[in-house]
Amino acid sequence: MDEIILKYLTETATEEEKKMLLKWLDQSEESQKYFFEIRDLWLTSNASYPHILEDKKAFVRFKERVMAYEKIRFQRHLPTGLLKVAASVAILVLCSVGGYFIGHHTNQTPPTILMNQCFSGDNNKTMFTLPDGTSVWLNSNSRLVYPDKFEEGARRVKLEGEGYFEVAHNPASPFYVEVNNLAVKVLGTHFDVQSYKRKSVSEVILLSGKVEVDLEGSKKVILAPNQKLTLNKKGGEYMVESVDAAEYVLWKNKKMVFDNEELGTILRKMERWYGVQISCEKGLSLKSPYSLIIRDEPKEEILNLLSIIAPISYTIQDDKVLVRKK
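Residues numbered from 1 in each chain as written. Predicted model: local features only at pLDDT ≥ 70, side-chain atom pairs only at ≥ 80, totals over all residues. Heavy atoms only, no water.

This part is about the nonpolar core. With 29 residues, the main nonpolar core has Leu144, Phe165 and Phe191 as its most contacted residues. Dropping the residues within four chain positions of it, Leu144 is found in contact with Asn116, Gln117, Cys118, Phe128, Leu130, Val136, Leu138, Val157, Lys158, Leu159 and Phe165. In terms of nonpolar packing, the next biggest core, distinct from the first, is built from 22 residues, Met256, Ile266, Tyr290 and Val321 among them. (Core = buried A, V, L, I, M, F, W, Y, C linked by side-chain atoms within 4.5 Å. Buried < 20%, exposed > 50% of the residue type's maximum accessible area, 1.4 Å probe, protein only. Contact = heavy atoms within 4.5 Å.)

This paragraph deals with the environment of Asp244. Summarising the element assignment, Asp244 is placed in the loop between β14 (238-242) and β15 (256-262). Residue classification places Asp244 among the partly exposed positions, given a relative accessible area of 45%. (Helix = DSSP H or I, 4+ residues; strand = E, 2+ residues; numbered from the N terminus.)

Where helix α1 (residues 2-9) contacts helix α2 (residues 15-25), the two axes come as close as 10 Å, and the packing angle between them is 115°. Considering the relative orientation of α1 and α2, their crossing is left-handed. Within the contact between the two elements, α1 uses Ile4, Ile5, Lys7 and Tyr8 and α2 uses Glu17, Met20, Leu21 and Trp24. Along the lines of polarity and charge, the residues of the contact of α1 with α2 split into six nonpolar, no polar and two charged. (Axes fitted to C-alpha atoms, helices over the stretch in contact; angles between N-to-C directions. Left-handed = near helix turned anticlockwise from the far one by under 90°. Nonpolar A, V, L, I, M, F, W, Y, C, P; charged D, E, K, R; others polar.)

All of the buried residues along helix α6 (residues 299-309) are Lys299, Ile302, Leu303, Leu306 and Ser307. Axial view of α6: buried residues confined to an arc of 140°, hence all on one face. Check the buried side of α6 and you find it contacts α5 (263-274), β17 (289-294), β18 (312-317) and β19 (320-325). (Arc of directions from axis to C-beta.)

For the structure on display, the rule yields twelve salt bridges. Between Arg268 and Glu247 there is a salt bridge, with the nearest N and O atoms lying 2.8 Å from each other. You can see Arg268 sitting in helix α5 and its partner Glu247 sitting in the loop between β14 and β15, a full 21 residues away along the chain. A residue is classified by how much of its surface remains accessible, and Arg268, at 34% relative accessible area, is partly exposed. Linking Glu261 and Lys269 is a salt bridge whose minimum nitrogen-to-oxygen distance equals 3.7 Å. The exposure class assigned to Lys269 is buried, which follows from its relative accessible area of 18%. Counted as one network, the salt bridges with shared partners bring together Glu15, Lys18, Arg143 and Glu160. (Salt bridge = Lys/Arg side-chain N within 4 Å of Asp/Glu carboxyl O.)

See below:
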């Protein structure tokens with residue numbers, strides 16, 4: 001676990017390692033206390049400064065402190081009353097100004113700002129408010145990095161996974177959501193961005209207002225409400241199409257209610273809710289109406305329920321679901 005914690009702090013942990021860390025943190029207050037102790041050692045060892053990351057002495061100092069801490073951690077009383085860590089974890093990370101977002105290096109000791117990381121685990125969603133008043137919802141297995149205080153003239157955050165944003169209006173300070181292969185610029189609007197590492201495309205869906213999507217290669221695309229931009233990560237090709245944007249953010253709600261809705265509508269909305277691709281066998285009847293409520297149940301449980309009340313069967317492979325006639 002020490003190795004996973006170090007990889008998380010250096011932002012080299014895999015998705016599976018992040019899940020393991022979340023599960024371990026949820027086991028006990030002792031685990032949480034240990035993590036926060038290691039994090040504090042990391043922050044005070046100077047190894048957390050991006051411009052020093054190549055200096056092996058910084059890592060040596062950090063490891064020495066960890067080893068010393070290991071010797072005494074069971075010899076002293078550990079205080080209680082820790083922050084509860086459940087579906088999501090907010091972790092403060094110290095970064096140098098310009099180091100994280102634009103990679104600027106300097107020989108001088110830089111001023112520091114406090115960076116926050118918030119991420120959600122499997123089948124969990126979390127909502128929180130940024131320092132400027134912007135509301136953010138994170139879908140499962142997603143992470144957002146944002147500063148404790150935004151710089152003047154620009155508000156920048158970095159996203160992995162899927163997030164829905166209701167941006168606080170501020171014409172003097174545009175809001176930027178950055179992912180690996182695109183950036184979304186807004187002044188004040190409601191939109192959704194999806195860019196999971198495991199998926200071959202990134203998506204931006206606009207509900208209201210106007211956004212400018214800056215693609216790699218200096219290509220900029222303006223979206224209007226109820227438009228979706230889909231970008232192929234490898235080839236760089238993109239397309240813009242008209243959609244019902246409200247369906248793409250169903251996942252942020254606490255529950256989804258179906259009252260005598262057609263099976264086809266239920267399956268389509270389940271795609272958005274669970275972030276999966278649902279395909280139906282040719283000839284499957286999708287017109288029959290059903291009623292049900294989805295809350296926090298995993299997709300397997302709801303699909304099993306549907307297979308009981310409707311004449312269907314299904315198979316699941318990764319993020320793809322195939323629905324057949326029973």
